[in-house]
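# A look at the structure
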Amino acid sequence: MHPTRHQGLPPRYGGRVVKASRLLAACALAAVPLTTAAGGADTPAALTLSQALQRVAKSSQASADRDLDVAASRQLTRQTRASLYPTLDISGGFTDRDSPAIAVFGDFEAPLNDNTYLQYQVSARYLLWDGGLRRSSIAAAQALEDVAGDAGDVRIVGAQLEGMGAYLQAMMAKARQAAVAKRIDAVQGHLKVVQDMFGQGMVARNDLLETEVRLRTVKDRALELTDQEDAAVRELERLMGEAPGGTMSLPDRLPPPPPLGGSRDELVKDALDSNPLIRAAQAKVTAAAKQAALQQLTGRPKVFAEAAHTYEQNPYMLYPNANYIFLGFSWNLFDGGTRTTQRERASLEVAKAQRALEEARRQASNGVDKAYREYRQALREAKTARANVAAAEENLRIEEDQYRAGLAKTTDVLDAEALLAESRFTLIAQHYNAYLKQGRLLAFSGKNLVEFYSSLAPSTEAKGASS
């Protein structure tokens, strides 16, 4: 794996199960092109979706775990490479005997050493040949680096999906606040009509009370949405690896989802080539195959050489210093079947990894097909929701006119207003749901979400996003 591959990965489809409300919020994140805040020089620029995904990929806990796992795997490779170099050992000590060492030859006695003496040894040992075991061990260790990197990429994509969910929750709450603001204006406008007609004695006081109750309820809803936005922003900051409570600014609205740029069949083909889970499964197959090749080399003889220098403090020796070179070999001819068992296990791991790869390919193909259908359905539902908003607006206008003419009750007007508010909320949810479905589709296809959504032009006038 390349060290920076994970920085722009698409959101992971294999992440945690999310509730329906969170899924709706998560969908919008995938396509939210964040705009620059329309403020002064001190106003922070709006955080775009692409920027948010990039921060998650670079600074989230999943990103840190990936870097640490890859670093640990690289250290294992370095440890394996150490077998290519000779080893150097030094040993020594001081001996204090309670009696001298004396050799006896019949009636003749010869001292071998003093009661106390020093000795040391410096030796270098090098493995000359092991049948390719070292080379195969290094290749297997390098394959584990790829496994760690690809597995980390999977987790990062999952973190990006979580970040998308938090981002979209914040955007959804923000869009619904705008819808509630319109609702407050509508109820206040109706309240003025009721007050005027009540002052003229044309309606009963209960019309006035009912409208005032509805207005207070709507205002409470606005405060609730503000809290939801703040909570979602704090969660997004955490997922991006930042301290919650910053000065993050988000765009006002989102444009329609950008075109996919490919047919369903093309996306399936892309998934088979680039799906993150497939890449991770392929890395595991490669690692398992190299481990199996390594096990096949075990049991071969080893040829080694050793050079050493020794010293022993001994007045009875003519040469207390000694240098020597040793060339030898070792070969374990029989181990009770351990090597055979290990080779069989390695072969089974290869078969298991290959089966998992085939399953990952099938899942990716089916996942793209399902996500594509869901995305198309989400677009249809968003179109329907937009038409429903237009119909609800006309219905409210008619009810208001009929109320002024004394042909409708205030309850009819308030119900029509509530229907319009619900239609707007549904439009917001369906708009963001289309983004979520698109993001999941792109993730299954192995697309780079950071790059895909970076092309979106910032906009604060996107129609249909929150109207």
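Above this text is the structure in question.
For clarity, every value in this text was computed on a predicted model and none was experimentally measured.

### Thoughts on the packing of aromatic side chains
Tallied over the full model, the rule gives four aromatic pairs. The interplanar angle of 90° and the centroid separation of 4.9 Å between the aromatic rings of Phe452 and Tyr453 together place this pair among those described as edge-to-face. A cation over an aromatic ring shows up here: Arg125 above the ring of Phe304, its NZ or CZ 3.6 Å from the ring centre.

### Concerning the pattern of salt bridges
A full pass over the atoms with the stated rule returns 23 salt bridges. Note that Glu145 is salt-bridged to Arg74, the shortest N-O span being 3.8 Å. Here Arg74 lies in helix H3 (residues 61–81) and Glu145 lies in helix H4 (residues 133–199), a separation of 71 residues in the sequence. On the basis of relative accessibility, which here comes to 18%, the residue Glu145 falls in the buried class. The shortest N-O distance in the salt bridge between Arg362 and Glu359 comes to 3.2 Å.

### Examining the layout of surface pockets
What the second largest pocket holds in volume is close to 290 Å³. Every element with two or more residues in the lining of the second largest pocket is listed here: H4, helix H7 (276–297) and helix H8 (338–404). Take the lining of the second largest pocket: its biggest share by element is six residues, from H7.

Rules behind the numbers
Residues numbered from 1 in each chain as written. Predicted model: local features only at pLDDT ≥ 70, side-chain atom pairs only at ≥ 80, totals over all residues. Heavy atoms only, no water. Phe/Tyr/Trp six-rings, centres within 6.5 Å; stacked < 30°, edge-to-face > 60°. Lys NZ or Arg CZ within 6 Å of the ring centre and 35° of its normal. Salt bridge = Lys/Arg side-chain N within 4 Å of Asp/Glu carboxyl O. Helix = DSSP H or I, 4+ residues; strand = E, 2+ residues; numbered from the N terminus. Buried < 20%, exposed > 50% of the residue type's maximum accessible area, 1.4 Å probe, protein only. 1 Å grid on protein atoms, 1.4 Å probe; cavity = no way out; pocket = protein on both sides within 12 Å on 5 of 7 lines; lining within 4 Å. Points joined across faces, edges and corners; volume = space filled by probe spheres on them.

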